[in-house]
Amino acid sequence: MYKFPDGFLWGTSTSGPQSEGVEPGDGKGMSNWDYWFQVAPEKFHNGVGPGRTSTFYKNYKEDIDFLEQTGHTTFRTSIQWSRLIPEGVGEVNQQAVEFYRDVFERINAKGIKLMMNLYHFDLPYALQEKGGWENKETVYAFRDFAATCFELFGDLVDTWFTFNEPIVPVEAGYLGDFHYPAKHDFKAAIQVGYNTQLASSMAVEACHRLNPDHRISVILNLTPAYPKSDSPEDKKAARIAELFQAKSFLDPSVKGEYPEELVQIVKDANALPEYTDEELDIIKNNTVDFLGVNYYQPLRVQAPSHTGDIDVALGLENYFDNYIMPGRKINPHRGWEIYEQGIYDIAMDIKENYDNIEWILTENGMGVEGEEKFKVDGMIQDDYRIEFIQDHLKELHRAIQDGANCHGYMLWTFIDCWSWLNAYKNRYGLVELDLETQEKTMKKSGYWFKELSENNGF
């Protein structure tokens, strides 16, 4: 039997843009995703955009009942900036205030601990038009949005997150083409990363100032980087990959400063961001109270094939190449490697190098394409998902036994949700969504998760 500490939290995570949908007359402004779908719908799997998603905005009263039925003791979603403040700055949408307050009150009434995230890849398009996260104006707009949320909802929410996986929009929007504005620009990527961190630190300051007893964090996908071999070249590649992928937000968020080696690498590439000493002081003095950690798969790297002078057009490929390990365990329905020990390694890194700061596993999960093929008598028999969760929880349990300061496990996700360019290709939920009828049905894992929560283990 794997028993977890008393008070350990069990729940799921989702986000506003991936679950709410848009209803006529709801007052929501356009986000970067709404705009991108408008101009390039062909990029989205089966042409499904962010307009409908899982209709939580319309059906939240019934949907919240599923939280109870699946044994939640905690739940995380996000406030959509473009719903609350349609232009990114200025007027607040009162319909959004009423919606969020009612949602939060109903979740509180069920005795479920509510954790609220402020930014999940969704920028109001009005700010994107002015340069988005490349523009310092967006940093101040985010600070004001965060403060507005703390003031409007602080009586209902006491645990906050600033950003979810802030490295992802940097990598996917400025070093790849998976997020808007999909431009390859290493220097812009560094500036966007720095501005995002500054915005996060400013939100931490506002939270502590407005509600001193509230706790606030950031959610980071702290994927360990594993080298292909023990060669000095591969080990260096892994070290640099981890600096960019994890420590670029982890160190300033927890320690208040950037790793010197990372700063030197960026300097050598002539890609230092525009910053001031005053901004660095804000980052230094406003560290997080705990950590949210997401983990899905390991990052395996090898020495870069490019070995000449730094070519800014290449971006991260100057420093490391990805590596597919032969014989790896794999999720055959998604193509991702399954490596449960990654959770243990993250936990030990936090314990040994980050003062064993308190943390929660805020995302972990298994995406499956074509999941309807596992349906028997009207229910998806997702034993593969139950096994996936168990195998990861064994490693988390081992880490806690070895001193990890982890206080909860949150699965991605609650009800099958929309996922950016992949739309509904891969399903992750404890609850199945029929995209045509919007009918929602518990999967086998939903019933199992309730037992897990009630037993505080398995």
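In this text the structure is predicted, and so the values were computed from the model without any measurement.

Taken together, the three strands give an open sheet; going across it, the order is β6-β8-β9, and neighbouring strands pair in mixed fashion. Each end of this open sheet is capped by a strand with a single partner; those strands are β6 (225-227) and β9 (321-322). As judged from the three bridges shared by β6 and strand β8 (residues 299-302), these two strands associate in the parallel manner. For Tyr 226, the partnering residue across the bridge sits in β8 and is Arg 300.

Our focus in this paragraph is the nonpolar core. Counting residues in hydrophobic clusters, the biggest one holds 111 residues, and the most contacted among them are Ile 79, Phe 142, Trp 160 and Leu 291. Looking at this core, the element that brings in the most residues is helix α9 (residues 186-210), giving 11 residues. Beyond its immediate sequence surroundings of up to four residues, Phe 142 is in contact with Trp 81, Leu 118, Tyr 119, Trp 133, Thr 162, Phe 163, Ala 199 and Ala 203. Ile 190, Phe 244, Leu 299 and Tyr 319 belong to the second-largest nonpolar core, a separate cluster that totals 19 residues.

Turning next to the pattern of salt bridges. Between side chains of opposite charge, a pair can form as their charged atoms come close. Using the criterion set out here, one finds 32 salt bridges in the structure. The partner of Lys 110 in a salt bridge is Asp 65, with the nearest N and O atoms 3.2 Å apart. Of this pair, Lys 110 sits in the loop between α5 (94-109) and β3 (113-117) while Asp 65 sits in helix α3 (residues 56-69), and the two are 45 residues apart along the sequence. By relative accessible area, Lys 110 is classed as partly exposed at 26%. For Asp 65, a relative accessible area of 33% puts it in the partly exposed group. The salt bridge partner of Asp 382 is Arg 385, with a shortest N-O separation of 2.8 Å. Three or more residues are tied together by salt bridges with common partners; here these are Glu 371, Asp 382, Arg 385, Asp 416, Arg 427 and Lys 443.

Attention now goes to the environment of Tyr 35. Mapped onto the elements, Tyr 35 comes out in helix α2 (residues 32-39). Contacts of Tyr 35, omitting those with residues within four sequence positions, involve Met 30, Tyr 125 and Tyr 180.

What counts, and where the lines are drawn
- Residues numbered from 1 in each chain as written.
- Predicted model: local features only at pLDDT ≥ 70, side-chain atom pairs only at ≥ 80, totals over all residues.
- Heavy atoms only, no water.
- Pairing = 2+ DSSP bridges.
- Helix = DSSP H or I, 4+ residues; strand = E, 2+ residues; numbered from the N terminus.
- Core = buried A, V, L, I, M, F, W, Y, C linked by side-chain atoms within 4.5 Å.
- Buried < 20%, exposed > 50% of the residue type's maximum accessible area, 1.4 Å probe, protein only.
- Contact = heavy atoms within 4.5 Å.
- Salt bridge = Lys/Arg side-chain N within 4 Å of Asp/Glu carboxyl O.

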